[in-house]
Amino acid sequence: MNDVLDLSLVDWSRAQFALTAMYHWFFVPLTLGITFIIAIMETIYVKTGSEAWKKATRFWMTLFAINFAIGVATGIILEFEFGTNWSNYSWFVGDIFGAPLAIEGIMAFFLETAFIAIMFFGWDKVGKKFHLTATWLTAIGTNLSALWILVANAWMQHPAGMYFNPDTTRNEMLNFWEVFLSPVAINKFLHTVFSSYTLAAIFVIGVSAWFILKKRNLAFAKKSMLVAAIFGIISSLYMAVTGDGSAYEVAQKQPMKLAAMEGLYEGRSNGGLTVFGILTPGKQYDDNKEPFVVNLQIPNMLSLLSYRDAKAFVPGIKDLTEGNPEQGIPATREKMEQGKTAIAALKSYKLSKEAGDTAAANESLAALQDNFKYFGYGYLNDPKDNIPHVSLVFYSFRIMVLLGFYFIFFFLLIIYFVQVKDVARQRWLMRLAVFSIPLAYIASQAGWMVAEMGRQPWVIQDIMPTVAAVSHLDTSSVQITFWLFVILFTSLLIAEIKIMTRQIKIGPKE
Amino acid sequence: MTVGKSLWIIILIKVFILFFIFRLFLMPNYLNSRYSSDRDQGDHVHKVLTERNQSNTSTYE
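It should be emphasised that the depicted structure is a prediction, and the values quoted were computed from it without experimental measurement. (Residues numbered from 1 in each chain as written. Chains lettered and ligands numbered in written order. Predicted model: local features only at pLDDT ≥ 70, side-chain atom pairs only at ≥ 80, totals over all residues. Heavy atoms only, no water.)

*Asks:* Help me understand the packing of helix H3 (residues 74-84) of chain A against helix H1 (residues 3-26) of chain B in this model?
*Replies:* To characterise two packed helices, one gives the angle between the axes of the helices and the distance between these axes. As a packed pair, H3 of chain A and H1 of chain B sit with axes 12 Å apart at the nearest point and diverge in direction by 15°. Taken together, H3 of chain A and H1 of chain B sit at an angle that is classed as roughly parallel. The two elements H3 of chain A and H1 of chain B cross, and the hand of that crossing is right-handed. Note on element contacts: H1 of chain B touches H3 of chain A through Leu18, Phe19 and Arg23 of chain B, opposite Ile76, Ile77, Phe80 and Thr84 of chain A. Of the residues belonging to the contact of H3 of chain A with H1 of chain B, the class tally is five nonpolar, one polar and one charged. (Axes fitted to C-alpha atoms, helices over the stretch in contact; angles between N-to-C directions. Helix = DSSP H or I, 4+ residues; strand = E, 2+ residues; numbered from the N terminus. Parallel < 35°, antiparallel > 145°, perpendicular 65-115°, else oblique. Left-handed = near helix turned anticlockwise from the far one by under 90°. Contact = heavy atoms within 4.5 Å. Nonpolar A, V, L, I, M, F, W, Y, C, P; charged D, E, K, R; others polar.)

*Asks:* Looking at this structure, how should I read the domain arrangement of chain A?
*Replies:* Quite often, the size of an interface is put as the accessible area lost when its parts meet. Residue and element names in this part refer to chain A. Splitting chain A by domain gives domain 1 (7-254 + 388-506) and domain 2 (265-387). Of the residues lining the interface, 28 residues belong to domain 1; the matching set on domain 2 comes to 29 residues. Taken together, both faces of the contact between domain 1 and domain 2 bury some 2,200 Å²; the carbon and sulfur share is 64%. Note that Asp167 is salt-bridged to Lys353, the shortest N-O span being 3.1 Å. Connecting domain 1 to domain 2 are ten residue pairs in polar contact (both at pLDDT 80 or more). Among the secondary structure elements, those contributing two or more residues to the side of domain 1 that touches domain 2 are strand E1 (162-165), helix H8 (218-253), helix H14 (390-419), strand E8 (464-465) and helix H16 (466-469). Top element by residues in the side of domain 1 that touches domain 2 is H14. It accounts for five residues. Considered class by class, the residues forming the side of domain 1 that touches domain 2 number 18 nonpolar, six polar and four charged. (Domains from an automatic or database assignment. Buried area = accessible area lost by both parts, 1.4 Å probe. Salt bridge = Lys/Arg side-chain N within 4 Å of Asp/Glu carboxyl O. Polar contact = N/O pair within 3.5 Å; in protein donor to acceptor, adjacent residues only side chain to side chain.)

*Asks:* Please explain the interface of chain A and chain B as it appears in this structure.
*Replies:* Taken together, the contacts link 61 residues of chain A with 39 residues of chain B. Note on chain A versus chain B: buried area summed over both sides is about 4,400 Å², and carbon and sulfur give 65% of it. Summed over the shared surface of chain A and chain B, the result is one salt bridge. One salt bridge connects Lys350 of chain A with Asp43 of chain B, and the closest N-O pair in it is separated by 2.5 Å. At the surface where chain A touches chain B, the tally comes to ten residue pairs in polar contact (both at pLDDT 80 or more). Looking at the side of chain A that touches chain B, the elements with two or more residues in it are helix H2 (51-71), H3, helix H4 (87-121), helix H12 (332-354), helix H13 (358-371), H16 and helix H17 (475-506) of chain A. Here the side of chain A that touches chain B gets ten residues from one element, more than from any other, and that element is H12 of chain A. Here the residues of the side of chain A that touches chain B are counted per class, giving 33 nonpolar, 20 polar and eight charged.

So, in structure tokens, the structure goes:
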């Protein structure tokens, strides 16, 4: 008897996970970045002995404390959801997902919490240098937490270094370093943390600009702005470089995601990069509509960025769905057949083993291993199921990239006006700085939407789709927890904004 | 109320809601709450993965 799912269960489970992840990510990037800005300010204080820098450090530390306290443990709900809503996935990934998360829990979390306590409560109780060390270790600890989680996420985007054990129905880690040092993991970690540093820099500049607009604490605001702008320009430039690295990896490992990012339906050599585009509403991959209403491209750039070769062929959605023998691209339907063979082989392997038929079990095992690469395709009912939501991915990608380049320009403007002109007189720039705070959050969320929506339908690329990963729960129970999370997270967000704005209005203690 | 006190209250309420309401009553671990041994859990996932929502036409069925 087949285990038939109500598809709305998959959708509600996905919506619940997306909601949790997006709210969680509202708190995390500021924590990742502002800890380093605080550590830099405290280093200047310890070096110079200037009380002004100590006040600045303590003010930003208070805002970090608010963000940390309200955001902490929101990530635990994601772990609850793995066990409750995504139990097949949690079992299937075995120690590959468990190991990085365990390291995160043991090493990074304890490092982070131990030194956070010293950082918050240790002023005037421990020596200056000891306190400074605690601040730096807090910054490093928070970033190490992110490292392990992003390694686990990268493995889902590009599974490597593992072996599927059909006896336990689990993947087992063969090579830790292959998982840890996968180019996808390295680029993902670096791009994510540099984007978080960029967000934190914009936050500090925006809040400082508010003080300038209010004509309050001008010296403090200018000092903070300069540190954040220098930190921000370095971070945003690295963010651009690692973004290119991430997109290159996507082209190699997740070509369908790249095709969706570019709205590329028909593959082409000398592919142009869409700088500005409006997609044709309702376009399907197999209709004859033009994909774009408006499309401004840089010729050859997509091929160059994707394959480091301006002439390279970049496969489109149609090539990846229907296949392109000329380019050596198999059709999704062929992969579906291989996937179904792998699933059937897994089933017959167990039956043969239980019956004591070793020869048949070995034959099934060989078939499973030969076809495991496309195991997840066996759950697709139609080749079109392999196509992500193109417009969502396309526009999210453009929003992220556009804002990323805007941030570089913005940091340069701030540095110029702080260093060369009187920044306090540039009220237009200060208003722009305040307005840029939400833009940083939008860019950060858009980036995750590209990464996660772009890889649909996969929970683990090519091996497990969401439909196979989800637990067979009552849809109504998922709906109830979804709405409870909406209430909980929205309350936390309101509390964060309210307490944060109140503390900003109080300002640094004189 | 100081900012520190507000934050401690929020943390405690949040931890209570997460661990004593969500974890205990609304979000139990699906496999642990149904199967006591690793073997049974593995068998369940094997069954689901080989039977879920797919029409098998292979000779290995």
